Amino acid sequence: MIALKSMLRVNPRDVEAPKKYYVQAVSAGKTDLDRLAYLISNQSTVRKADCYAVLEALLHNMMDELSQGRIIEMGNIGNFQVKVNSEPADTEDEASTTLVKKAKVNFRPAKALRDMLQTVSYKKVS
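Being a predicted model, the structure only gives us computed values, none of them experimental.

Draft legend 1. Focus on the packing of aromatic side chains. On inspection of all chains with the given rule, the structure shows one aromatic pair. Plain terms: the ring middles of Phe80 and Phe107 are 4.8 Å apart, the flat faces sit at 40° to each other, and that makes the pair tilted. Taken together, the residues Phe80 in strand β4 (residues 78-86) and Phe107 in strand β5 (residues 100-109) connect sequence positions 27 residues apart. The exposure class of Phe80 is buried, given its relative accessible area of 17%.

Right under this line is the structure:
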């Protein structure tokens, strides 16, 4: 179950409008690689240390592939891709790598993860 709370905020599309309450998901904690390795090892015949090693190798190889401009397709998990934001340029010749303001890793969940969001339950907390 996902906990939700209401937050009083400015409408980003109309900052002059009166503030309104928006519902926001509340974190129930964090799961790190160690915990994931433990969970996976309990669902298989593979030891926790082996699971952790595979997850660390996955991270290393994801970073390497993303840094080479590749999209990482993870099947039923989804896709990872580098996205950049840049300053505008008036001409194509002026557009260069120096205009990049920031980069981030974009994740697009696969259908199974998107569908999970339709079946999860919510509760409001204060």
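Draft legend 2. Structural context of the packing of helix α1 (residues 33-42) against helix α2 (residues 48-67). Following both chains from N to C, one finds α1 and α2 inclined at 125°, their axes separated by 8 Å at the closest point. The orientation of α1 with respect to α2, classified from their angle, is oblique. The interaxial crossing formed by α1 with α2 has right-handed handedness. Of α2, the residues touching α1 (which contributes Leu33, Asp34, Leu36, Ala37, Tyr38, Ile40 and Ser41) are Lys48, Cys51, Tyr52, Leu55 and Glu56. Looking at the contact of α1 with α2, its residues break down into eight nonpolar, one polar and three charged.

Draft legend 3. Molecular detail of the pairing of strand β1 (residues 2-9). Here β1 pairs with strand β6 (residues 122-124) via three bridges, running parallel. Along β6, the bridge assignment pairs Ala3 with Lys123. Sheet analysis places β1 next to strand β2 (residues 20-26), joined by seven bridges and oriented antiparallel. Each bridged residue has a counterpart across the sheet, and for Arg9 the counterpart in β2 is Lys20.

Rules used in this analysis
Residues numbered from 1 in each chain as written. Predicted model: local features only at pLDDT ≥ 70, side-chain atom pairs only at ≥ 80, totals over all residues. Heavy atoms only, no water. Phe/Tyr/Trp six-rings, centres within 6.5 Å; stacked < 30°, edge-to-face > 60°. Helix = DSSP H or I, 4+ residues; strand = E, 2+ residues; numbered from the N terminus. Buried < 20%, exposed > 50% of the residue type's maximum accessible area, 1.4 Å probe, protein only. Axes fitted to C-alpha atoms, helices over the stretch in contact; angles between N-to-C directions. Parallel < 35°, antiparallel > 145°, perpendicular 65-115°, else oblique. Left-handed = near helix turned anticlockwise from the far one by under 90°. Contact = heavy atoms within 4.5 Å. Nonpolar A, V, L, I, M, F, W, Y, C, P; charged D, E, K, R; others polar. Pairing = 2+ DSSP bridges.

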